[in-house]
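If you want the building blocks of each chain, they are given just below.
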Amino acid sequence: MSGFTPKFKPVSQAGLHKAAFEIQLSGSRTMMRKPSKLKLQPMLNRTGVPALITAIVIMMAGCASVPPPTAQMAVSQAAVDRASSADANEFAPVELQSAKDKLARAERAMVQENYELAQQLAEEAQVDAKLAEAKSQSATARKAAKDSQEAIRVLREEINRKTQ
(Lines give C-alpha, C1' and ligand atoms only; values in the text may rest on other atoms or scores of the structure.)
Protein backbone atom coordinates (compact mmCIF):
# COMPACT_ATOMS: atom_id res chain seq x y z
CA MET A 1 0.00 0.00 0.00
CA SER A 2 2.95 2.32 0.29
CA GLY A 3 3.11 2.54 -3.52
CA PHE A 4 -0.32 4.28 -3.73
CA THR A 5 -0.21 8.02 -4.12
CA PRO A 6 -3.63 9.65 -4.30
CA LYS A 7 -4.16 12.47 -6.78
CA PHE A 8 -7.27 14.69 -6.41
CA LYS A 9 -8.82 16.47 -9.33
CA PRO A 10 -12.39 17.88 -9.66
CA VAL A 11 -14.64 16.01 -12.12
CA SER A 12 -17.45 18.54 -12.52
CA GLN A 13 -18.37 21.78 -10.84
CA ALA A 14 -21.33 22.96 -12.98
CA GLY A 15 -22.04 25.88 -10.67
CA LEU A 16 -22.77 23.65 -7.69
CA HIS A 17 -21.15 23.85 -4.32
CA LYS A 18 -20.99 20.08 -4.23
CA ALA A 19 -18.08 18.68 -6.17
CA ALA A 20 -17.12 15.14 -6.80
CA PHE A 21 -13.48 14.27 -6.72
CA GLU A 22 -11.75 11.46 -8.42
CA ILE A 23 -9.12 9.73 -6.50
CA GLN A 24 -6.62 8.20 -8.77
CA LEU A 25 -4.55 5.60 -7.16
CA SER A 26 -1.52 4.07 -8.72
CA GLY A 27 -2.67 1.25 -10.92
CA SER A 28 -5.92 1.18 -12.87
CA ARG A 29 -8.36 1.51 -9.93
CA THR A 30 -10.37 4.71 -9.57
CA MET A 31 -13.27 5.56 -7.28
CA MET A 32 -15.58 8.51 -6.72
CA ARG A 33 -15.52 10.31 -3.40
CA LYS A 34 -18.05 12.88 -2.28
CA PRO A 35 -16.90 15.77 -0.17
CA SER A 36 -17.37 15.09 3.51
CA LYS A 37 -19.14 18.35 4.27
CA LEU A 38 -22.15 19.13 2.08
CA LYS A 39 -23.91 22.45 2.39
CA LEU A 40 -27.31 20.91 3.13
CA GLN A 41 -27.72 22.23 6.67
CA PRO A 42 -28.93 25.76 5.75
CA MET A 43 -31.41 24.33 3.22
CA LEU A 44 -32.83 21.86 5.74
CA ASN A 45 -33.25 24.59 8.32
CA ARG A 46 -35.25 26.82 5.96
CA THR A 47 -37.50 24.55 3.94
CA GLY A 48 -36.36 20.98 4.14
CA VAL A 49 -37.52 20.00 7.63
CA PRO A 50 -41.18 21.02 7.18
CA ALA A 51 -41.19 19.50 3.69
CA LEU A 52 -39.61 16.31 5.02
CA ILE A 53 -42.15 16.03 7.83
CA THR A 54 -45.00 16.65 5.39
CA ALA A 55 -43.68 13.99 3.02
CA ILE A 56 -43.38 11.46 5.85
CA VAL A 57 -46.93 12.17 7.05
CA ILE A 58 -48.32 11.78 3.52
CA MET A 59 -46.43 8.52 3.01
CA MET A 60 -47.66 7.16 6.33
CA ALA A 61 -51.24 8.14 5.52
CA GLY A 62 -50.97 6.37 2.19
CA CYS A 63 -49.58 3.23 3.79
CA ALA A 64 -52.10 3.19 6.62
CA SER A 65 -55.17 2.46 4.52
CA VAL A 66 -58.20 1.25 6.41
CA PRO A 67 -59.25 -2.34 5.66
CA PRO A 68 -62.92 -3.03 4.85
CA PRO A 69 -64.89 -3.34 8.12
CA THR A 70 -66.65 -6.56 7.16
CA ALA A 71 -66.61 -7.95 10.70
CA GLN A 72 -68.11 -4.76 12.12
CA MET A 73 -70.78 -4.79 9.42
CA ALA A 74 -71.74 -8.35 10.37
CA VAL A 75 -71.87 -7.51 14.08
CA SER A 76 -74.02 -4.45 13.38
CA GLN A 77 -76.39 -6.44 11.17
CA ALA A 78 -76.75 -9.06 13.92
CA ALA A 79 -77.49 -6.32 16.47
CA VAL A 80 -80.21 -4.85 14.22
CA ASP A 81 -81.71 -8.34 13.74
CA ARG A 82 -81.73 -8.96 17.51
CA ALA A 83 -83.40 -5.61 18.13
CA SER A 84 -86.04 -6.38 15.50
CA SER A 85 -86.81 -9.75 17.06
CA ALA A 86 -87.04 -8.14 20.51
CA ASP A 87 -90.12 -6.13 19.43
CA ALA A 88 -88.14 -2.92 19.03
CA ASN A 89 -90.55 -1.97 16.22
CA GLU A 90 -93.22 -1.59 18.89
CA PHE A 91 -91.25 -0.26 21.86
CA ALA A 92 -88.27 1.61 20.31
CA PRO A 93 -89.16 2.38 16.69
CA VAL A 94 -87.06 5.55 16.45
CA GLU A 95 -83.86 3.90 17.65
CA LEU A 96 -84.42 0.81 15.48
CA GLN A 97 -85.05 2.93 12.39
CA SER A 98 -81.93 4.98 13.14
CA ALA A 99 -79.89 1.77 13.37
CA LYS A 100 -81.31 0.50 10.07
CA ASP A 101 -80.63 3.82 8.33
CA LYS A 102 -77.04 3.96 9.57
CA LEU A 103 -76.44 0.36 8.54
CA ALA A 104 -77.77 1.12 5.05
CA ARG A 105 -75.48 4.17 4.83
CA ALA A 106 -72.55 2.02 5.99
CA GLU A 107 -73.30 -0.48 3.23
CA ARG A 108 -73.30 2.35 0.65
CA ALA A 109 -69.97 3.58 2.05
CA MET A 110 -68.57 0.05 1.67
CA VAL A 111 -69.60 -0.01 -1.99
CA GLN A 112 -67.87 3.36 -2.47
CA GLU A 113 -64.81 1.95 -0.64
CA ASN A 114 -65.02 4.68 2.02
CA TYR A 115 -64.08 2.24 4.76
CA GLU A 116 -63.54 4.78 7.53
CA LEU A 117 -67.07 6.12 7.13
CA ALA A 118 -68.44 2.59 6.81
CA GLN A 119 -66.70 1.59 10.06
CA GLN A 120 -68.04 4.64 11.90
CA LEU A 121 -71.60 4.19 10.64
CA ALA A 122 -71.58 0.46 11.39
CA GLU A 123 -70.45 1.14 14.95
CA GLU A 124 -73.16 3.79 15.37
CA ALA A 125 -75.76 1.40 13.94
CA GLN A 126 -74.67 -1.25 16.44
CA VAL A 127 -75.03 1.20 19.35
CA ASP A 128 -78.46 2.34 18.15
CA ALA A 129 -79.58 -1.27 17.73
CA LYS A 130 -78.39 -2.15 21.24
CA LEU A 131 -80.28 0.86 22.62
CA ALA A 132 -83.42 -0.18 20.74
CA GLU A 133 -83.08 -3.73 22.06
CA ALA A 134 -82.54 -2.52 25.64
CA LYS A 135 -85.54 -0.17 25.45
CA SER A 136 -87.65 -2.97 24.04
CA GLN A 137 -86.59 -5.39 26.76
CA SER A 138 -87.23 -2.73 29.40
CA ALA A 139 -90.70 -1.99 28.03
CA THR A 140 -91.46 -5.71 27.82
CA ALA A 141 -90.36 -6.17 31.43
CA ARG A 142 -92.48 -3.19 32.56
CA LYS A 143 -95.48 -4.62 30.73
CA ALA A 144 -94.92 -8.04 32.32
CA ALA A 145 -94.61 -6.44 35.75
CA LYS A 146 -97.79 -4.45 35.19
CA ASP A 147 -99.61 -7.61 34.05
CA SER A 148 -98.36 -9.46 37.15
CA GLN A 149 -99.53 -6.65 39.42
CA GLU A 150 -102.95 -6.72 37.75
CA ALA A 151 -103.16 -10.48 38.22
CA ILE A 152 -102.22 -10.08 41.90
CA ARG A 153 -104.93 -7.44 42.30
CA VAL A 154 -107.54 -9.70 40.74
CA LEU A 155 -106.50 -12.61 42.99
CA ARG A 156 -106.73 -10.42 46.09
CA GLU A 157 -110.23 -9.36 45.13
CA GLU A 158 -111.21 -13.03 44.71
CA ILE A 159 -109.74 -13.91 48.09
CA ASN A 160 -111.54 -10.98 49.73
CA ARG A 161 -114.88 -12.03 48.21
CA LYS A 162 -114.50 -15.61 49.39
CA THR A 163 -113.58 -14.62 52.92
CA GLN A 164 -116.52 -12.28 53.36
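What counts and what doesn't
- Residues numbered from 1 in each chain as written.
- Predicted model: local features only at pLDDT ≥ 70, side-chain atom pairs only at ≥ 80, totals over all residues.
- Heavy atoms only, no water.
- Helix = DSSP H or I, 4+ residues; strand = E, 2+ residues; numbered from the N terminus.
- Buried < 20%, exposed > 50% of the residue type's maximum accessible area, 1.4 Å probe, protein only.
- Contact = heavy atoms within 4.5 Å.
- Areas by Shrake-Rupley, 256 points an atom, 1.4 Å probe, with all protein chains shown as cover.
- Axes fitted to C-alpha atoms, helices over the stretch in contact; angles between N-to-C directions.
- Parallel < 35°, antiparallel > 145°, perpendicular 65-115°, else oblique.
- Left-handed = near helix turned anticlockwise from the far one by under 90°.
- Nonpolar A, V, L, I, M, F, W, Y, C, P; charged D, E, K, R; others polar.
- Salt bridge = Lys/Arg side-chain N within 4 Å of Asp/Glu carboxyl O.
- Core = buried A, V, L, I, M, F, W, Y, C linked by side-chain atoms within 4.5 Å.

**Things to note about the overall build of the protein chain**
The number of helices and strands found in the protein chain is 5 helices and 3 strands. Out of the 164 residues in the protein chain, the part that is buried amounts to 21%. Residue pairs in contact within the protein chain that sit at least 24 positions apart in sequence constitute 48% of those at least 6 positions apart. Surface exposure of the protein chain reaches about 12,400 Å², of which carbon and sulfur atoms provide 59%.

**Considering the packing of helix 2 (residues 70–85) against helix 4 (residues 93–111)**
Remark: helix 2 packs on helix 4, axes separated minimally by 10 Å, with the N-to-C direction vectors making an angle of 155°. Between helix 2 and helix 4, the crossing angle belongs to the class labelled roughly antiparallel. Crossing hand, helix 2 versus helix 4: left-handed. Contacts between helix 2 and helix 4 involve T70, M73, S76, Q77, V80, A83 and S84 from the first element and L96, A99, K100, L103, A106, E107 and M110 from the second. Its residues assigned to classes, the contact of helix 2 with helix 4 shows 8 nonpolar, 4 polar and 2 charged.

**A word on the side chain of S136**
Summarising the element assignment, S136 is placed in helix 5 (residues 115–163). When sequence neighbours within four positions are dropped, the list of residues in contact with S136 reads A86, D87, A88 and F91.

**Digging into the pattern of salt bridges**
The full count for this structure, using the stated rule, is 6 salt bridges. Among the salt bridges present, the one from E133 reaches R82, with a minimum N-O distance of 3.7 Å. One end of the pair, E133, is in helix 5; the other, R82, is in helix 2, with 51 residues separating them in the sequence. A residue is classified by how much of its surface remains accessible, and R82, at 39% relative accessible area, is partly exposed. Where K102 meets D128, a salt bridge forms, and the shortest distance between an N and an O atom there is 3.0 Å. Placement of the pair is K102 in helix 4 and D128 in helix 5, with a sequence separation of 26 residues. Each member of the pair, K102 as well as D128, is classed as buried.

**As for the nonpolar core**
The biggest cluster of nonpolar side chains holds 19 residues, and the ones touching the most others in it are M73, V80, A83, L96, A129 and A132. Counting residues per element, the ones that place at least two in this core are helix 2, helix 4 and helix 5. Other than its neighbours up to four places away in sequence, A83 contacts A88, L96, A129, A132 and E133.

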